[in-house]
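Understanding the architecture of this molecule
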Amino acid sequence: MSFFDRLFGRKSAPAPDSQPSSQVPEAAGASHRDPRHQLLRVALRATLQQHGIPLAWMGVEVLPGGTQQGQPALHLRLLVMHMDPRLLTHGLALERSFREHLAKFDPAASRWLTGISWQFSVPADAALPPLPDAASWTAPPAPPQEQTAEPVPKGMTRA
């Protein structure tokens, strides 16, 4: 405990527990008393494992909130802790899959989970792709590339 902590009567924070690699990291200060917090972590872990996304790439932060009717609720902030463009490309599909997993664990989750937001928590020195040319944002999308069929060995047919 530091001098200022004693002076102002603050209690020192306990040493952070080391988390096993199978756990999805959670932001400091989150309450573990509410079973819904743990449920959100379990659903995210199951989602990441199903899709083969390393658990260390994502973390969670559970924020208290309320519904429009004044009922207590939670907001989930997904923390992107590893820069991989595929997370951006497939982020909405990942979120949908997470919501499906959560609904399997608790069908009433849509009533107490008010929303999901994303926060990028990558290291400051992470390699980032460069921004494209300014005109590329308003240019018509490039036509999809045709996929060429691989030759079928003699005597075999395509399924």
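This is a predicted model, so every value here is computed, not measured.

The rules behind each value
- Residues numbered from 1 in each chain as written.
- Predicted model: local features only at pLDDT ≥ 70, side-chain atom pairs only at ≥ 80, totals over all residues.
- Heavy atoms only, no water.
- Salt bridge = Lys/Arg side-chain N within 4 Å of Asp/Glu carboxyl O.
- Helix = DSSP H or I, 4+ residues; strand = E, 2+ residues; numbered from the N terminus.
- Buried < 20%, exposed > 50% of the residue type's maximum accessible area, 1.4 Å probe, protein only.
- Axes fitted to C-alpha atoms, helices over the stretch in contact; angles between N-to-C directions.
- Parallel < 35°, antiparallel > 145°, perpendicular 65-115°, else oblique.
- Left-handed = near helix turned anticlockwise from the far one by under 90°.
- Contact = heavy atoms within 4.5 Å.
- Nonpolar A, V, L, I, M, F, W, Y, C, P; charged D, E, K, R; others polar.

A look at the pattern of salt bridges
A complete count under the given rule lists 3 salt bridges for this structure. Of the charged contacts, one joins Glu61 and Arg77 as a salt bridge, the two residues approaching to 2.3 Å between their closest N and O atoms. With Glu61 in strand S1 (residues 58–66) and Arg77 in strand S2 (residues 72–80), the pair connects residues that are 16 residues apart, well separated along the chain. According to the relative accessible area criterion, Arg77 is partly exposed, its value standing at 24%. Close ionic contact of Arg99 with Glu95 constitutes a salt bridge, the shortest N to O distance being 3.8 Å. Residue Arg99 and its partner Glu95 are located together in helix H4 (residues 91–105), separated by 4 residues, close to a single helical turn. A relative accessible area of 37% means that Arg99 is categorised as partly exposed.

What about the packing of helix H2 (residues 35–51) against H4?
Direction vectors running N to C along H2 and H4 enclose 125°, while the axes themselves pass 9 Å from each other. Our classification of the angle between H2 and H4 gives oblique. Helix-helix and strand crossings are classified by hand; for H2 and H4 the assignment is right-handed. Residue-level inspection shows Leu39, Leu40, Val42, Ala43, Leu44, Ala46, Thr47, Leu48, Gln50 and His51 of H2 in contact with H4, the latter providing Leu94, Ser97, Phe98, His101, Leu102 and Phe105. Tallied by class, the residues present in the contact of H2 with H4 amount to 11 nonpolar, 5 polar and no charged.

The analysis is restricted to geometry; functional conclusions fall outside its scope.
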